[in-house]
Amino acid sequence: VEVEGAEYRTAQFPCQVLATLKFAPMEQETEQMELLLPPVYLYKKIEEQPEIHLNFEGKNELILDKSISFPQGKVAIEKTWVEENIVYLSYNIESSAKPETILPHFVLTDSQGMEQGRQLFDRGNPQLIMFPLYNEKPQELYLSLDSIGELLSRENFTLDLRDNN
């Protein structure tokens with residue numbers, strides 16, 4: 001069965017996520033359906049992290065080779081570049097946990113501390129982050145690690161679809 005759409009939002013109670021899923025039509029004889037929840041990450045704020053200065057003046061690419069520590073390891077930032085009003089960031093996770101279970105959340109600001117783009121992930125390349133810029137390419141930006149997300153366990157559910165009238 002194919003999911004045609006999904007909507008997720010946090011609830012008013014801590015640690016709850018509400019999900020609404022819309023499924024494609026299925027065969028009438030279907031008696032059960034098994035669901036595996038999508039990946040959900042719990043983010044923890046990183047306190048007092050240094051900002052990384054990005055000066056793109058006259059350049060489209062910067063080789064950074066910098067790292068930012070967090071309690072379970074560090075984020076190694078290799079390079080960043082600007083292409084079609086999008087800032088790209090190439091990184092690796094070095095952690096005591098499985099690196100594929102950790103997702104960083106960065107904030108990109110200007111010299112006045114105003115956010116300049118919202119972080120997006122590239123599903124095809126998990127070590128690539130994109131920031132579509134709100135304004136034209138600024139010359140100077142600041143990158144900081146805001147929080148680290150840890151993958152929560154994925155739950156399997158079985159739904160009974162039989163008509164119990």
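Let me sum up the structure you'll find in this document. (Residues numbered from 1 in each chain as written. Predicted model: local features only at pLDDT ≥ 70, side-chain atom pairs only at ≥ 80, totals over all residues. Heavy atoms only, no water.)

Focus: the overall build of the protein
No. 1: Helix and strand counts for the protein come out as zero helices and 14 strands.
No. 2: The secondary structure elements of the protein, listed N-terminal to C-terminal, are β-β-β-β-β-β-β-β-β-β-β-β-β-β.
No. 3: Its C-alpha radius of gyration of 20 Å places the protein more than 25% over the 15 Å reference for a compact globule of 165 residues.
No. 4: Overall, the C-alpha framework of the protein stretches about 70 × 35 × 30 Å when taken along its three principal axes.
No. 5: As displayed, the protein has an accessible area near 11400 Å², and 47% of this comes from carbon and sulfur atoms. (Helix = DSSP H or I, 4+ residues; strand = E, 2+ residues; numbered from the N terminus. Rg over C-alpha atoms; globule rule 2.2 N^0.38 Å. Areas by Shrake-Rupley, 256 points an atom, 1.4 Å probe, with all protein chains shown as cover.)

Points about the packing of aromatic side chains
No. 1: Under the definition given, this model contains one aromatic pair.
No. 2: Looking at K79, its charged tip hangs above the ring of W81, at a distance of 5.0 Å from the centre. (Phe/Tyr/Trp six-rings, centres within 6.5 Å; stacked < 30°, edge-to-face > 60°. Lys NZ or Arg CZ within 6 Å of the ring centre and 35° of its normal.)

So, the pairing of strand β6 (residues 61-70)
No. 1: As paired strands, β6 and strand β7 (residues 73-83) are joined by eight bridges and run antiparallel to one another. Directly across from E61, in β7, lies its bridge partner W81.
No. 2: Counted along the chain from β6 to the antiparallel partner β7, the turn is two residues long. (Pairing = 2+ DSSP bridges.)

Some points on the pattern of salt bridges
No. 1: Taken as a whole, this structure holds three salt bridges when the rule is applied.
No. 2: The closest approach of N and O atoms between K45 and D146, which form a salt bridge, is 2.4 Å. Here K45 is found in strand β4 (residues 41-45), whereas its partner D146 is found in strand β13 (residues 140-151), with 101 residues between them in sequence.
No. 3: The exposure class of K45 is exposed, given its relative accessible area of 54%.
No. 4: Put simply, K74 and E94 hold a salt bridge, and the shortest N to O gap is 3.6 Å. A residue pair is termed long-range when its members are at least 10 positions apart, and K74 in strand β7 and E94 in strand β8 (residues 86-95) qualify at 20 residues.
No. 5: A residue is classified by how much of its surface remains accessible, and K74, at 30% relative accessible area, is partly exposed. (Salt bridge = Lys/Arg side-chain N within 4 Å of Asp/Glu carboxyl O. Buried < 20%, exposed > 50% of the residue type's maximum accessible area, 1.4 Å probe, protein only.)

Some details on the pairing of strand β3 (residues 32-36)
No. 1: A one-sided burial pattern is seen for β3, the buried positions being M33 and L35 and the unburied ones Q32, E34 and L36.
No. 2: Relative to strand β14 (residues 156-160), β3 is paired through five bridges, and the arrangement is antiparallel. Of the residues in β14, the one forming a bridge with L36 is N156.

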